[in-house]
Amino acid sequence: MSSYVIGTLGAGEVARSVDGLADVLVDCVEGGASVNFMWPFAREKAIAFWEGVAAKAARGEAILLAARDAEGICGTVHLSTAVPENQPYRADVTKMLVHRRARRQGIGEALLREVEAAAARAGRRLLVLDTVTGSDAERLYLRGGWNVCGVIPDYALFPDGRPCSTTVFWKKVATS
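Residues numbered from 1 in each chain as written. Predicted model: local features only at pLDDT ≥ 70, side-chain atom pairs only at ≥ 80, totals over all residues. Heavy atoms only, no water.

Draft legend 1. A look at the overall build of the protein chain. When you go through the protein chain residue by residue, the secondary structure sums to five helices and seven strands. Element order for the protein chain, N to C, with α for helix and β for strand: β-α-α-α-β-β-β-α-β-α-β-β. Relative to a compact globule of 176 residues, whose C-alpha radius of gyration would be 16 Å, the protein chain shows 15 Å and is just as compact. A principal-axis box enclosing the C-alpha atoms of the protein chain has dimensions of 40 × 40 × 35 Å. Looking at the protein chain as a whole, 44% of its 176 residues are labelled buried. Of the contacts formed within the protein chain by residues at least 6 apart in sequence, a portion of 62% connects residues at least 24 apart. With an accessible surface of roughly 8800 Å², the protein chain has 51% of that area assigned to carbon and sulfur atoms. (Helix = DSSP H or I, 4+ residues; strand = E, 2+ residues; numbered from the N terminus. Rg over C-alpha atoms; globule rule 2.2 N^0.38 Å. Buried < 20%, exposed > 50% of the residue type's maximum accessible area, 1.4 Å probe, protein only. Contact = heavy atoms within 4.5 Å. Areas by Shrake-Rupley, 256 points an atom, 1.4 Å probe, with all protein chains shown as cover.)

What follows is the structure, given as C-alpha cells:
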C-alpha cells in the first residue's frame, strides 16, 4: 500500500495543478470512466476543464481536493458550491477521480470523507452526486452511508459510446 496525502487546493494552487489534474482525468477517461467526456479525449480538453474549475474556485464556487502520492496527483474530488440562491446549504460532489495506478488503496474512500468534511466546514449540510450504476464508485458511496434517490436508465454514455444508467445519491453532513 502506497502512502498519500489529501489536501484542499486553494484557488491559485488549482491553477498551478492543472497539469497533474489533467493527467488523472485523461487516465480515467482512457480507462473507460463515464465522467462527461468521450473518446478520443485530447489532453487539451482536460486542461481546459481544469482551468474552468480553477476559475470557479477563484470565484468561490468550487472546493477542490487532491490526493498526492510519490508520483504526484493521484486522485481528486470537486465540490461545486455554485447552487441556486434558495439552496445555500447544498453542494454537488463531482469529478471523484482516482488514477488507475492508485486504485484499491483507500484513496477514493479518503477523498469522500474529506470532501464531506470540507462541505461541512463550508456550511453545506446536504450533498448530492451521481455515478454509473453498478460501478465501483456506486459501491464506495453505499459503503460511505450515502442514500440512493433512484436510478436513471441510459442517463449518459461511456467514452466508447455505450449508454449507462446512473444512480443519484444524497447525504446529510453535520456542519461545523
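Continuing now.
Draft legend 2. Here's a closer look at the sheet that holds strand E6 (residues 147-157). As summarised here, the arrangement of the seven strands in space is E1-E2-E3-E4-E5-E7-E6, forming an open sheet in which the pairing is mixed. Two strands in the sheet have a free side with no partner beyond their single neighbour: strand E1 (5-9) and E6. Neighbour-to-neighbour, the strand axes of this sheet turn through a mean angle of 25 degrees, independent of strand direction. Strand contacts of helix H4 (residues 107-121): E1, strand E2 (62-69), strand E3 (72-80), strand E4 (90-98), strand E5 (126-132) and strand E7 (163-172), with the helix running at about 155 degrees to E4, the strand carrying the most contacts. Of the strands in this sheet, E4, E5, E6 and E7 are in contact with helix H5 (residues 136-143), which crosses E5 at around 150 degrees. (Pairing = 2+ DSSP bridges. Axes fitted to C-alpha atoms, helices over the stretch in contact; angles between N-to-C directions.)

Draft legend 3. Spatial organisation of the side chain of Glu138. Relative to the helices and strands, Glu138 resides in helix H5. No salt bridge is formed by the buried Glu138; the nearest opposite charge belongs to Arg139, separated by 5.4 Å. Of note is the side chain of Glu138, whose polar atom sits 2.8 Å from the side chain of Thr167. (Lys, Arg positive; Asp, Glu negative; His and termini not counted. Salt bridge = Lys/Arg side-chain N within 4 Å of Asp/Glu carboxyl O. Polar contact = N/O pair within 3.5 Å; in protein donor to acceptor, adjacent residues only side chain to side chain.)

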